[in-house]
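Close look at the chain arrangement
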Amino acid sequence: MTEFKGLDILDGAQFSRDDIDCILQVADDFNHRLETEHSLDLLRGYVLGTLFFEPSTRTRLSFETAMHRLGGSVVGFSSAESTSTAKGETLSDTIRTVDQYVDLIAMRHPAIGSASLAASVAAAPVLNGGDGAGQHPTQALLDAYTIQRERGQLDGTTLVLCGDLKNGRTVHSGVEIYKHFNCRLVFVSPDTLRMPAEILDGLKTWGIDYGETTDLAAAIQDADVLYMTRIQKERFADPAEYERRQGTYLRSRELIERVNPRLTVMHPLPRVNEIAADVDELQGAAYFRQARNGVCVRMALMALVAGKV
Ligand code: NCD
C-alpha cells in the first residue's frame, strides 16, 4: 500500500485497491465517530490553505469543515480576483508563498495540470479539488464511499454515468476508482461530450466492461446507480453549443419510478436542470447525503497525508 504521509492527492489513477479501501475505511470510522463527537482533534494546530481560483460550494466548504472537525484551522480564498493573481502573480509564486504558512493545501484551479504544478513547488501535501476539465479525486472517493453506503457495496455494481463526460472531472477521476471494483460502466452522453478516448483506452486495457449510449432510459433499466453530471458551461468556448447541449438529459421522477424505482441517483452538484426537484423525495435520491459524505472522506485524506492515522 502507498505511504500516505506527505502524499499529494492529484488524480484518481494514483490509488491502488488497497489505498482506496484504506481511505474509505478511515472515512467510515470518522463518520461513525462524528455521530457522537463534534471534533476529533487529530490535527490540532494544523492549518489548511484552501486556494480556490474557481467557484465552489461543496468542495471548499467540506474541506474547511473537515479540517475544523479534525481540530485544525483554515486560511484561504474563494476567488482569484481577491488575490495577487489579479496583479499578475504566477500560480507557482502564490503556491510557494502559501506553502510558507500552512501544513496542507487544498486547491481548485481552471487549468488542467495545475494541481501537479502546485505539488511540484510545495512542501505541504496538495489535495486537488479540481483542475479544470482534468481530475477531481477527492470527489471520486466520496462518490465511491457514497455508493458503498447506499448500495452496501461497490464491487460488481452497474453504474450509469450521464451528462458531460468530456469535460466532467468528477467522472474522469471516478472511473479510475471504479475500475478497481469490477463495476460495469455505462456512459450516456451526447456524441460531442463523450468520455475522452484515452480514458476509454485505459478501461479496455484494465479489462473493464463498459458501454456507450445516448439512450438513458434503456441504460438505467438494470443499473444500480445513475450518476448525473452538469453540462460544464465554463468549458465551452461557444455559448450556442452549450445552449444546444444543456438540458439534453432532463431527469424526471416519472422516468425513474417507471423504469427502475430502486435506482440510486447521485450528482456531484451543483445541478442546473439535470434532476427535477421532485426526484429529491425518492428514497434513492442520494445527492445531499453524498455531499455530507464529502466531509468524512476529506477528513480521512487529510489525516492520512498528515500521518495521523
Ligand atoms: C463538481 C466540480 O466542481 O467538478 N462539483 C463538485 O465539486 N461537487 C461538478 C460540477 O461543477 O459540475
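Notes on the site of the ligand
Taken together, the neighbourhood of the ligand is formed by T59, R108, H136, Q139, R169, T170, R230, Q232, P268, L269 and P270. Here an oxygen atom of the ligand and a side-chain polar atom of R108 are 3.0 Å apart. About the coverage of the ligand: the protein hides 95% of its 310 Å² of free accessible area. Assessed atom by atom at 2 Å from the grid points, the ligand resides in the largest pocket. Its residues assigned to classes, the shell around the ligand shows three nonpolar, five polar and three charged.

What about the environment of E241?
By the element assignment, E241 lies in helix α9 (residues 239–245). The buried category is assigned to E241, whose relative accessible area is 18%. C-alpha separation for the pair E241 and T192, spaced 49 residues apart in sequence, amounts to 9.9 Å. Those residues in contact with E241, other than ones at most four positions away along the chain, are T192 and F236. Of the polar contacts made by the side chain of E241, one reaches the side chain of R244; its length is 2.9 Å.

A few points about the environment of Q290
Counting through the fold element by element, Q290 comes out in helix α11 (residues 287–305). Between the alpha carbons of Q290 and L269 there is a distance of 9.4 Å; along the sequence they are 21 residues apart. Ignoring anything within four residues of it in the chain, the contact list for Q290 reads Q139, L142, D143, T146, Y227, M266, H267 and P268.

So, the sheet that holds strand β5 (residues 158–162)
Reading across from one edge, β7-β6-β5-β8-β9 is the order of the five strands in this open sheet, with parallel pairing throughout. The open sheet has two edge strands with one neighbour each: β7 (210–213) and β9 (264–266). With strand direction ignored, the average angle separating the axes of adjacent strands in the sheet is 20 degrees. Relative to β9, strand β8 (residues 225–228) is paired through three bridges, and the arrangement is parallel. Directly across from L226, in β9, lies its bridge partner V265.

Examining helix α3 (residues 91–98)
Since the α-helix advances by 3.6 residues per turn, residues separated by three or four positions end up pointing in the same direction. Looking at α3, one finds that the buried residues are L91, S92, T94, I95 and V98. Taken down its axis, α3 places every buried residue within 160 degrees of arc, on the same side. Contacts made by the buried residues of α3 are with β1 (47–52), β3 (104–109) and α4 (114–121).

Procedures and definitions
- Residues numbered from 1 in each chain as written.
- Predicted model: local features only at pLDDT ≥ 70, side-chain atom pairs only at ≥ 80, totals over all residues.
- Heavy atoms only, no water.
- Near = heavy atom within 4 Å.
- Polar contact = N/O pair within 3.5 Å; in protein donor to acceptor, adjacent residues only side chain to side chain.
- Areas by Shrake-Rupley, 256 points an atom, 1.4 Å probe, with all protein chains shown as cover.
- 1 Å grid on protein atoms, 1.4 Å probe; cavity = no way out; pocket = protein on both sides within 12 Å on 5 of 7 lines; lining within 4 Å.
- Sits in = over half its atoms within 2 Å of the grid points.
- Nonpolar A, V, L, I, M, F, W, Y, C, P; charged D, E, K, R; others polar.
- Helix = DSSP H or I, 4+ residues; strand = E, 2+ residues; numbered from the N terminus.
- Buried < 20%, exposed > 50% of the residue type's maximum accessible area, 1.4 Å probe, protein only.
- Contact = heavy atoms within 4.5 Å.
- Pairing = 2+ DSSP bridges.
- Axes fitted to C-alpha atoms, helices over the stretch in contact; angles between N-to-C directions.
- Arc of directions from axis to C-beta.

Purely spatial values, then, with no claim about function.
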